[in-house]
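Observations on the model geometry
For reference, the chains in residue letters:
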Amino acid sequence: MPQIPGPLKILPVYAIAAAGGFAFYKLGLPLPWMIGPLVATAALAFSERFDIRIPVQTRPFGQGVVAAQVGLSFSPAVFAQLLQMAPLLVGMALMIIFVGFAIALVLSRMAGIPLTSAMIATLPTSPVEAAVVAERYNFPPAPIILSQTMRISTVVVLIPTAIFFIDGELGRTARQMNTTFHIPSLLALAALSMLGMWLFFKLRISNPYFLGPLALSSIVTAAGVELVPFPSLVLWAAQVVLGTWLGSNFRRSLFTSAGRMVMASVVSTLLFIVASALIAAALSQVAGMSWETLVLASTPGGVTEMALTAKFLGIDVALITAFHLVRIFIVVPSIPHIIDRLHRYENR
């Protein structure tokens, strides 16, 4: 396997990833600058012809850019609307936990692993955080990382593609390119992003590289300060970084070492997505909201990826982000307690 020294080994990967994004963009496919790099990098990583190791430290750039831009959607009127919808936001988050438990039962049976391990692999969180929890209970982290990565990547590819082709007019305006470079606003938004990352990291808040920039950007916007969004090239670059990092996790060794976990992860991920979507579609009839909105709100994906999907599809970005943030603040702090109780029950 050829060894390329230093940071030079990353640059060709990003070039191939960006080419994948451009190809998807020209083909008119949904969320091209994230899905294209994801597919291209995953194919390259799986071939194992080159040693592809994209550092996790690259991900904060993509998260910070997306989060700061999403924060611009949180106007005072939007905040008031979200407060009125608090019961629905909390209810959807709890629904995800119950569906996740049911899917974990399926994964446990199919993969032949303890229910505790299956729950860690299923509940929506980041692959890194899930691996840390797995090691705490002496579970091998590799299958957990595989399952969590499969969930995020499948959601990123499947959900926008499905909604785009079912309801084709969505996403057409997202192809319009924003070429406005308002330097003072650009610098202010970048400064808010970096300050938010640093502050939330110091406070040890979960997912600081997204929540920090989002918090500061939304506070400034809610205060009535209008900032110009990042130009499309900056947002596209952020998506390329995120897609490349996701795709780089699909190494062949991870799949070959997982055994039955591979097929079990695929099946359980699809079941999770379908079950959440069906429940959300049914709720949309009761709540008087579009099925696209609630399906995207209930999808067990990362908040960064879902915010980008909402932006591409022309769905209310602030609302979708709020659904996923509420889920994060309910699910993530609950994971240690849920896993601990489940682990004690299994050890009886």
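Below, the structure is looked at part by part. (Residues numbered from 1 in each chain as written. Predicted model: local features only at pLDDT ≥ 70, side-chain atom pairs only at ≥ 80, totals over all residues. Heavy atoms only, no water.)

Next up on the list: the overall build of the protein. Along the protein, the regular secondary structure elements total 16 helices and zero strands. Taken over C-alpha atoms, the radius of gyration comes to 20 Å for the protein, in line with the 20 Å a tight globule of 348 residues would show. Principal-axis analysis of the C-alpha atoms gives the protein an extent of 60 × 55 × 45 Å. Counted over contacts in the protein with a minimum sequence separation of 6, partners at least 24 positions apart contribute 78%. As displayed, the protein has an accessible area near 15,600 Å², and 69% of this comes from carbon and sulfur atoms. Across the protein, the 20 positively charged side chains and the 12 negatively charged ones have centroids separated by 7 Å. (Helix = DSSP H or I, 4+ residues; strand = E, 2+ residues; numbered from the N terminus. Rg over C-alpha atoms; globule rule 2.2 N^0.38 Å. Contact = heavy atoms within 4.5 Å. Areas by Shrake-Rupley, 256 points an atom, 1.4 Å probe, with all protein chains shown as cover. Lys, Arg positive; Asp, Glu negative; His and termini not counted. Charge placed at Lys NZ, Arg CZ, Asp CG, Glu CD.)

Ranked by size, the top nonpolar core spans 80 residues in total, and within it Val66, Val156, Phe210 and Phe323 carry the most contacts. No other element matches helix α16 (residues 317-346), which puts nine residues into this core. Non-local contacts of phenylalanine 323, meaning those with residues more than four positions away in its chain, are made with Met85, Leu88, Leu89, Met92, Leu294 and Ala297. Among the nonpolar cores identified, the runner-up in size contains 22 residues, and Ile97, Leu115, Ala130 and Phe139 belong to it. (Core = buried A, V, L, I, M, F, W, Y, C linked by side-chain atoms within 4.5 Å. Buried < 20%, exposed > 50% of the residue type's maximum accessible area, 1.4 Å probe, protein only.)

This part is about the layout of surface pockets. Here the largest pocket defines a volume of roughly 630 Å³. If you go around the largest pocket, you meet 30 residues; those closest to its centre are Arg59, Gln63, Ser126, Glu129 and Asn207. Taken together, the elements giving at least two residues each to the lining of the largest pocket come down to α3 (59-71), α7 (127-136), α8 (141-166), α9 (183-202), α10 (208-222), α15 (303-313) and α16. For the lining of the largest pocket, the class distribution of residues is 15 nonpolar, nine polar and six charged. (1 Å grid on protein atoms, 1.4 Å probe; cavity = no way out; pocket = protein on both sides within 12 Å on 5 of 7 lines; lining within 4 Å. Points joined across faces, edges and corners; volume = space filled by probe spheres on them. Nonpolar A, V, L, I, M, F, W, Y, C, P; charged D, E, K, R; others polar.)

Let us look at the pattern of salt bridges. As enumerated under the stated definition, the model contains one salt bridge in all. Close ionic contact of arginine 344 with aspartate 340 constitutes a salt bridge, the shortest N to O distance being 3.3 Å. Of this pair, arginine 344 and aspartate 340 both sit in helix α16, four residues apart, which is roughly one turn of that helix. A relative accessible area of 57% places arginine 344 in the exposed class. Exposure remark for aspartate 340: the relative accessible area of 26% places this residue in the partly exposed category. (Salt bridge = Lys/Arg side-chain N within 4 Å of Asp/Glu carboxyl O.)

The next thing to look at is α8. Between its first and last C-alpha atoms α8 spans 37 Å; for 26 residues at 1.5 Å apiece the expected length is 38 Å, and the two agree. At valine 155, α8 is bent by approximately 25°, the largest bend along its length. (Expected span 1.5 Å × (residues − 1). Bend = angle between axes of the 7 residues up to and from the residue.)

Okay, α16 next. With 30 residues, α16 ought to run about 44 Å at 1.5 Å a step, and its terminal C-alpha atoms sit 41 Å apart, in line with that. The largest bend in α16 comes to about 45°, at isoleucine 335, with the proline proline 336 one to four residues further on.

Our focus in this paragraph is the packing of helix α13 (residues 261-287) against helix α14 (residues 291-298). It is at 8 Å that the axes of α13 and α14 come closest, and there the two elements cross at 135°. Here α14 runs oblique to α13, going by the angle between their axes. Seen from above, α13 lies across α14 with right-handed handedness. Contacts between α13 and α14 involve Ser276, Ala277, Ala280, Ala281, Leu283, Ser284 and Ala287 from the former and Trp291, Leu294, Val295 and Ser298 from the latter. Taken together, the residues of the contact of α13 with α14 sort by class into eight nonpolar, three polar and no charged. (Axes fitted to C-alpha atoms, helices over the stretch in contact; angles between N-to-C directions. Parallel < 35°, antiparallel > 145°, perpendicular 65-115°, else oblique. Left-handed = near helix turned anticlockwise from the far one by under 90°.)

There is a patch of nonpolar side chains on the surface, built from Leu195, Trp198, Leu199 and Leu203 and spanning about 400 Å² of accessible area. With respect to the element layout, leucine 203 can be found in the loop between α9 and α10. Look at leucine 203 and you get exposed, because its relative accessible area is 52%. (Patch = residues over 30% accessible without salt bridge, like charges linked within 9 Å, V, L, I, M, F, W, Y side chains within 5 Å.)

Attention shifts here to the packing of aromatic side chains. Under the defined criterion, the tally for this structure stands at four aromatic pairs. An angle of 35° between the planes, with centres 5.7 Å apart, marks the rings of tyrosine 25 and tryptophan 33 as tilted. Accessibility assignment for this pair places tyrosine 25 and tryptophan 33 in one class, buried. Taking the centre distance of 5.5 Å and the plane angle of 55° together, the rings of tyrosine 25 and tryptophan 236 count as tilted. (Phe/Tyr/Trp six-rings, centres within 6.5 Å; stacked < 30°, edge-to-face > 60°.)

Our focus in this paragraph is empty space enclosed by the protein. Summed over the entire model, instances satisfying the criterion amount to two cavities of 30 Å³ or more. Looking at the largest cavity, its volume works out to about 40 Å³. Considering the residues around the largest cavity, the lining is formed by Ile103, Ala121, Thr122, Ser147, Arg151, Ser268, Thr269 and Phe272. Breaking the lining of the largest cavity down by element, the ones donating at least two residues are α6 (115-122), α8 and α13. Here the lining of the largest cavity gets three residues from one element, more than from any other, and that element is α13.

Worth remembering: the numbers are spatial, not functional.
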